[in-house]
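Chain residues, written in single-letter form:
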Amino acid sequence: MSESTGVIHDIGYQRYMGPRLGRAPVFGALYLHGLRTVFGFGRSAKAKIFPWLVVGIVIVVAAVVAAVRSQIGQVVITYAQFADTMSWLIIFFVAVAAPELVSRDLRSGVLPLYFSRPLARSDYPLAKLLALVTALWLLLGGPQLVMFLGAAFTLGEGPRGVWNELLDLLPGLLYAGLWAAVFGAIGLLIAALTGKRAFAAGGIVAVFLMTTPIVGILAILPSQTINELAFLASPMTMVNGVGTWALGDLLFEGGDGLPIGGFGPLYALAAVLLVAGCVVLLLARYRKVATR
Amino acid sequence: MALIATESLTKTYRGGVTALADLTVVVEPGIVGLVGANGAGKSTLIKIMLGLLPPTNGQVRVLGLDPTTQPDQVRARVGYMPEHEALPPDLSAAEFVTHLGRVSGLPRTVARERASEALRHVGLYEERYRPVGGYSTGMKQRVKLAQALVHDPDLLLLDEPTNGLDPAGRDAMLALIHRIGTEFGISVVVCSHLLGEVERICDTLVAIDGGRLLRADRIDAMTSATDVLAVEVSEGTEELAARLSALRLPVRRDGRLLLVELADDDTYDQILGAVAELDLPLHRLDQRRHRVAELFATREPSHV
């Protein structure tokens with residue numbers, strides 16, 4: 001491509017004869033750009049403050065938990081509980097990251113530049129969603145890895161101990177993936193509805209805030225079925241319910257998980273439907289936006 | 001092969017608004033001016049050419065491809081500069097244009113190289129590492145042009161590229177577009193509601209109004225026969241007119257001016273010779289190019 005003569009001179013306009021990549025690499029480029037956006041890379045220092053503050057908090061918490069465990073041998077929070085403990089922090093993170101990913105593009109009119117390129121219409125929202133979900137998963141999974149490393153190499157139980165820790169870690173990472181998928185899908189859908197970042201952030205926090213009291217009300221109604229189904233009303237408790245059913249003891253020691261009765265599979269189904277519904281609505285939204 | 005060919009192209013929006021009505025036009029490669037008032041259907045035509053909107057009726061071909069069935073092939077070879085603001089304020093021009101190059105399918109290193117080349121061609125150098133939010137309107141327009149150029153398209157669709165620019169900025173932008181069309185070997189469609197602006201740089205003009213074709217032709221065919229020289233002398237206008245008529249030059253009076261049809265460069269010498277022989281004080285002698293606007297004017301031309 002470039003001339004290696006060592007002399008700078010105007011070589012005029014050069015046509016490009018090289019390869020043009022297909023759909024997968026283009027999707028990858030969009031995805032990586034989204035992931036960089038979430039953490040403020042390639043952007044101003046101001047954009048890096050909040051994401052890295054959150055990253056700092058979760059890492060410090062994980063390090064403290066690991067340190068406590070190695071010093072006094074007490075498990076403060078398990079791997080899977082880590083996601084639950086950090087849930088509000090994650091909600092605020094979504095409320096900042098999702099509008100950065102999509103509201104900004106809506107507002108600044110960038111979308112025509114994307115959709116006038118050989119890019120499938122669904123690839124733009126899907127790449128952004130995947131980027132957000134990945135970021136959330138890293139945010140929840142990374143600290144678990146810190147906890148794992150702390151436990152595996154300070155407890156001194158040999159390979160057997162490391163293996164046992166790993167068996168505890170993997171479900172924790174899976175559970176973090178569920179959190180990431182549910183929160184990412186809801187957050188991105190809300191953010192995609194408006195070009196105003198403040199509105200989008202408020203909307204995201206509101207959805208999680210407003211649904212929590214509904215759970216509280218349903219949980220005290222005089223019907224056991226309603227009580228057991230109450231946790232479906234809020235995304236946070238719904239994810240909790242799925243965790244209770246699927247992970248059980250790993251998540252809640254001594255079996256004091258959410259009282260969801262025998263509705264575990266229903267919770268799992270509801271979570272899947274919720275994510276799928278959000279994705280469908282997101283795609284519909286961008287079909288409409290693309291023709292503007 | 002025709003650059004753009006439409007046949008009976010019609011677009012009716014829901015609610016019955018007709019944006020394009022039975023538009024049939026064939027355009028050859030080069031710099032094409034697409035002119036029409038606001039709401040004439042220019043933007044709709046561009047969106048149909050990009051495959052973003054389906055036509056209600058009729059056929060369209062861009063670079064020999066059908067954007068309704070092969071939108072990705074068309075978009076891979078077309079660069080689009082939208083009319084409205086379209087840049088994220090927090091990214092630098094270099095970062096943003098590189099990213100869009102990659103979305104167009106360029107490999108990472110190529111995208112970075114071509115992005116800085118494209119930005120250099122539009123006249124952005126060290127500024128390209130600063131966030132776009134702090135740019136002037138002129139610089140933003142240049143970045144929009146650079147992103148349309150980054151993937152080396154065969155056709156550029158520019159929607160009102162001089163929007164919001166001051167006169168100097170307009171001239172610079174038009175000169176740049178002219179350079180892209182002539183030196184870079186890329187065909188350009190320039191949309192504008194300002195005929196006087198695009199006629200300076202275009203090979204071909206397509207004028208639409210209310211979604212209908214007014215006229216499409218090469219610009220030299222529109223203006224070649226109408227070039228005239230305007231001569232003004234402080235006194236002795238009658239004598240000069242008589243002398244020029246004697247030289248068998250077609251002369252007309254227009255107020256204090258004499259209008260002489262320009263045949264070739266000799267016409268200048270003949271006029272200057274006549275003025276010198278009569279020893280008249282020559283006030284001015286300049287070439288008057290008929291504004292293409294007059295060819296499209298619906299009202300009666302006020303004078304010749």
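The model shown is predicted, which means the values in this text are computed figures rather than measured ones.

**Comments concerning the pattern of salt bridges**
One pass over the full model with this rule turns up 24 salt bridges over all chains. Put simply, Arg77 of chain B and Asp154 of chain B hold a salt bridge, and the shortest N to O gap is 2.7 Å. Of this pair, Arg77 of chain B sits in the loop between helix H2 (71-76) and strand S5 (78-81) while Asp154 of chain B sits in the loop between helix H5 (137-149) and strand S6 (155-159), and the two are 77 residues apart along the sequence. With relative accessibility at 26%, the residue Asp154 of chain B sits in the partly exposed group. Here Glu197 of chain B and Arg170 of chain B are joined by a salt bridge, their closest N and O atoms 2.5 Å apart. Here Arg170 of chain B lies in helix H6 (residues 167-182) and Glu197 of chain B lies in helix H7 (residues 195-198), a separation of 27 residues in the sequence. Where salt bridges share partners, they join Arg43, Glu100, Arg104 and Arg197 of chain A together with Asp90 of chain B into one cluster.

**As for the packing of helix H3 (residues 93-103) of chain B against helix H4 (residues 108-121) of chain B**
Residues and elements named next belong to chain B. Between H3 and H4, the least distance of the axes is 8 Å, while the angle of their chain directions is 130 degrees. With respect to H4, the element H3 is oriented oblique. Pair H3 / H4 crosses with right-handed handedness. Within the contact between the two elements, H3 uses Ala93, Ala94, Val97, Thr98, Gly101 and Arg102 and H4 uses Arg108, Ala111, Arg112, Ala115 and Leu119. Taken together, the residues that form the contact of H3 with H4 break down as six nonpolar, two polar and three charged.

**A few points about unusual backbone geometry**
All names here are of chain B. Positive phi is not limited to glycine here, since Ser8 has a value of about 50 degrees. When you line up the elements, Ser8 lands in strand S1 (residues 4-12). In this structure Ser8 comes out as partly exposed when scored by relative accessible area, which is 29%. Its identity as a non-glycine residue notwithstanding, Arg248 has a phi of 60 degrees, on the positive side. With respect to the helices and strands, Arg248 occurs in the loop between helix H9 (237-246) and strand S11 (251-254).

**Section: the sheet that holds S1 of chain B**
Residue and element names in this part refer to chain B. As summarised here, the arrangement of the three strands in space is S2-S1-S4, forming an open sheet in which the pairing is antiparallel. Looking at strand neighbours, the two that pair on one side only are strand S2 (18-27) and strand S4 (57-62), the edges of this open sheet. The sheet shows a mean angle of 20 degrees between the axes of neighbouring strands, taken without regard to direction. Inspection of the sheet shows S1 paired to S2 by six bridges, in the antiparallel sense.

**Quick notes on the state of the cysteines**
By definition, a disulfide links the sulfur atoms of two cysteines through a covalent bond. Applying the stated criterion across every chain yields a total of zero disulfides over all chains. Cys191 of chain B provides the cysteine sulfur closest to Cys202 of chain B, a residue in no disulfide bond, and the two sulfurs are 10 Å apart.

**As for the sheet that holds strand S9 (residues 212-218) of chain B**
All names here are of chain B. Strand order in the open sheet made by the six strands is S5-S6-S7-S3-S8-S9, with mixed pairing throughout. Edge strands, defined here as strands with exactly one partner in the open sheet, are S5 and S9. Each strand axis lies, on average, 15 degrees off the axis of its neighbour in the sheet, ignoring direction. With four bridges joining them, strand S3 (residues 31-35) and strand S8 (residues 204-209) adopt parallel strand pairing. The residue of S8 that forms the bridge with Val35 is Ala207. Sheet strands touched by helix H1 (residues 42-49): S3, S5, S6, strand S7 (187-192) and S8. Its angle to S6, the strand with the most contacts, is close to 150 degrees. Most of the contacts of H6 go to S7, to which it runs at about 150 degrees, and overall it touches S3, S5, S6 and S7.

**Considerations on the domain arrangement of chain B**
Reports often express the size of an interface as the amount of accessible area lost when the parts come together. Here chain B is partitioned into domain 1 (4-218) and domain 2 (228-288). Measuring from the centre of the C-alpha atoms in domain 1 of chain B to the corresponding centre in domain 2 of chain B gives 44 Å.

**Some words on the nonpolar core**
Counting 156 residues, the largest nonpolar core has Tyr114, Phe183 and Tyr286 of chain A together with Leu145, Leu156 and Leu157 of chain B as its most contacted members. Those residues in contact with Tyr286 of chain A that sit more than four places away from it in its chain are Val102, Leu111, Phe115, Tyr124, Pro125 and Ala192 of chain A. Judged by nonpolar contacts, the second largest core, of 13 residues, contains Leu229, Val233, Leu240 and Leu244 of chain B.

**Digging into the pairing of strand S10 (residues 228-233) of chain B**
Residues and elements named next belong to chain B. With six of six residues buried, S10 is to be regarded as a mostly interior element. Neither face of S10 is left uncovered, since the one carrying Val228, Ala230 and Glu232 and the one carrying Leu229, Val231 and Val233 both have all their residues buried. Two strands pair when backbone bridges link them, and S10 and strand S12 (residues 257-261) are joined in this way by four bridges, in the antiparallel orientation. Bridged to Val231 within S12 is Leu258.

**Considerations on the interface of chain A and chain B**
Contacts between chain A and chain B engage 34 residues on the former and 43 residues on the latter. Counting across the interface, chain A meets chain B through five salt bridges. Arg15 of chain A is the salt-bridge partner of Asp154 of chain B, the closest N and O atoms lying 2.9 Å from each other. Inspection of the chain A/chain B interface yields 18 residue pairs in polar contact (both at pLDDT 80 or more). Taken together, the elements giving at least two residues each to the side of chain A that touches chain B come down to helix H1 (23-38), helix H4 (87-108) and helix H5 (111-115) of chain A.

Calculation criteria
- Throughout this document, residue positions are counted from 1 along each chain, in the order its sequence is written.
- Written order determines the labels here, with chains lettered from A and ligands numbered from 1.
- Whole-chain, interface and lining totals are the exception, using all residues; otherwise, since this is a predicted model, local features are given only for residues with pLDDT of at least 70 and side-chain atom pairs are given and counted only at 80 or more.
- Side-chain metrics rest on all non-hydrogen atoms present in the structure, leaving aside hydrogens and water.
- Whenever a carboxyl oxygen of Asp or Glu lies within 4 Å of a side-chain nitrogen of Lys or Arg, that contact is scored as a salt bridge.
- Numbering goes from the N terminus for both helices and strands, where a helix is a DSSP run of H or I of at least four residues and a strand is a run of E of at least two.
- Per-residue accessibility, obtained with a 1.4 Å probe over protein chains only, is compared with the maximum for each type, and a residue is labelled buried under 20%, exposed over 50%, and partly exposed between these values.
- Between N-to-C directions, angles cover 0 to 180 degrees, with each direction set by a line fitted to C-alpha atoms, over the stretch in contact for helices.
- Angles are sorted into four bins: roughly parallel if under 35 degrees, roughly antiparallel if over 145, roughly perpendicular if 65 to 115, and oblique for all others.
- What makes a crossing left-handed is the near helix being turned counterclockwise from the far one by less than a right angle; a clockwise turn instead makes it right-handed.
- By definition in these notes, contact holds between two residues if any of their heavy atoms fall within 4.5 Å.
- Charged residues are taken to be Asp, Glu, Lys and Arg, nonpolar residues to be Ala, Val, Leu, Ile, Met, Phe, Trp, Tyr, Cys and Pro, and polar residues to be all remaining types, Gly included.
- Strand pairing is assigned whenever DSSP identifies at least 2 bridges connecting the two strands.
- Two cysteine sulfurs form a disulfide in these notes if their separation is within 2.5 Å.
- Per the annotation, domain bounds derive from an automatic or database assignment of domains.
- Side-chain atoms within 4.5 Å are what join buried Ala, Val, Leu, Ile, Met, Phe, Trp, Tyr and Cys residues into a set we call a nonpolar core.
- In the analysis that follows, any N or O atom pair within 3.5 Å is treated as a polar contact, provided that within protein one partner can donate a hydrogen and the other can accept it, and provided that, for residues neighboring in sequence, both atoms belong to side chains.

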